[in-house]
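Coordinate inspection notes
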Amino acid sequence: MAAPLSVEVEFGGGAELLFDGIKKHQVTLPGQEEPWDIRNLLVWIKKNLLKERPELFIQGDSVRPGLLVLVNDADWELLGELDYQLQDQDSILFISTLHGG
């Protein structure tokens, strides 16, 4: 069984508005059978942090196009995207690149 993980989840570029305007969240993910990955984290975020308009954050089992995801300041595309296995003390940043005008 995977041990609980403590990670920092941060939202920027307007994405924080979907989370009551709170940019940084220190979260402890509970222990579970499978190791935590970004796919599982997105489900957890939707259930526990997301306050409104999930369609602006989640599309299918991934993030909506237009959201940049960084894990420890590295583009998640270089790390395996949804399959990246989270490590204790990881920092995951979601930045919206879509802006109204």
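For every chain, the first residue of its written sequence is number 1, and the numbers climb from 1 along that sequence. Under the rules for a predicted model, residues below a pLDDT of 70 receive no local features and side-chain atom pairs below 80 are neither given nor counted, while totals for whole chains, interfaces and linings still include all residues. The side-chain quantities take in all heavy atoms of the structure and omit both hydrogens and water.

**Re the overall build of the chain**
Here is the rule we go by: The secondary structure listing takes helices from DSSP runs of H or I that are at least 4 residues long and strands from runs of E that are at least 2 residues long, numbered from the N terminus. Radius of gyration means the value over C-alpha atoms here, while the globule rule gives 2.2 Å times the residue count to the 0.38 power. For every residue, the accessible area obtained with a 1.4 Å probe (protein chains only) is divided by the maximum for its type, and the residue is called buried under 20%, exposed over 50%, and partly exposed between those limits. The contact criterion used throughout is that any non-hydrogen atoms of two residues lie within 4.5 Å. Only four residue types enter the tally: Lys and Arg on the positive side, Asp and Glu on the negative side, with His and both chain ends excluded. By convention, charge coordinates are those of NZ in Lys, CZ in Arg, CG in Asp, or CD in Glu.
Scanning the chain from N- to C-terminus turns up one helix and seven strands. Going from N to C terminus, the chain has its helices and strands arranged as β-β-α-β-β-β-β-β. Computed over C-alpha atoms, the radius of gyration of the chain comes to 13 Å, within 12% of the 13 Å expected from 2.2 N^0.38 for 101 residues, which places it in the range of a compact globule. Each of the three principal axes of the chain carries a C-alpha extent, and together these read 45 × 25 × 25 Å. When each of the 101 residues of the chain is scored for burial, the buried share is 39%. Sequence-distant contacts, at least 24 apart, represent 58% of the contacts inside the chain between residues at least 6 apart. Across the chain, the centroid of the 8 positively charged side chains sits 9 Å from that of the 17 negatively charged ones.

**Structural notes on the sheet that holds strand β5 (residues 67-71)**
The cut-off we apply is this: Strands were regarded as paired on the criterion that DSSP finds at least two bridges between them. Between N-to-C directions, angles cover 0 to 180 degrees, with each direction set by a line fitted to C-alpha atoms, over the stretch in contact for helices.
If you trace the five strands from one edge of the open sheet to the other, you get β2-β1-β7-β5-β6, paired in mixed fashion. Each edge of the sheet is formed by a strand with only one pairing partner; in this case those strands are β2 (24-29) and β6 (74-75). The pairing of strand β1 (residues 5-12) with strand β7 (residues 91-96) spans five bridges and is parallel. Bridge pairing links Glu 8 to Ser 91 in β7. Each of β1, β2, β5 and β7 is contacted by helix α1 (residues 38-48), which is oriented at about 65 degrees to β7, the strand it contacts most.

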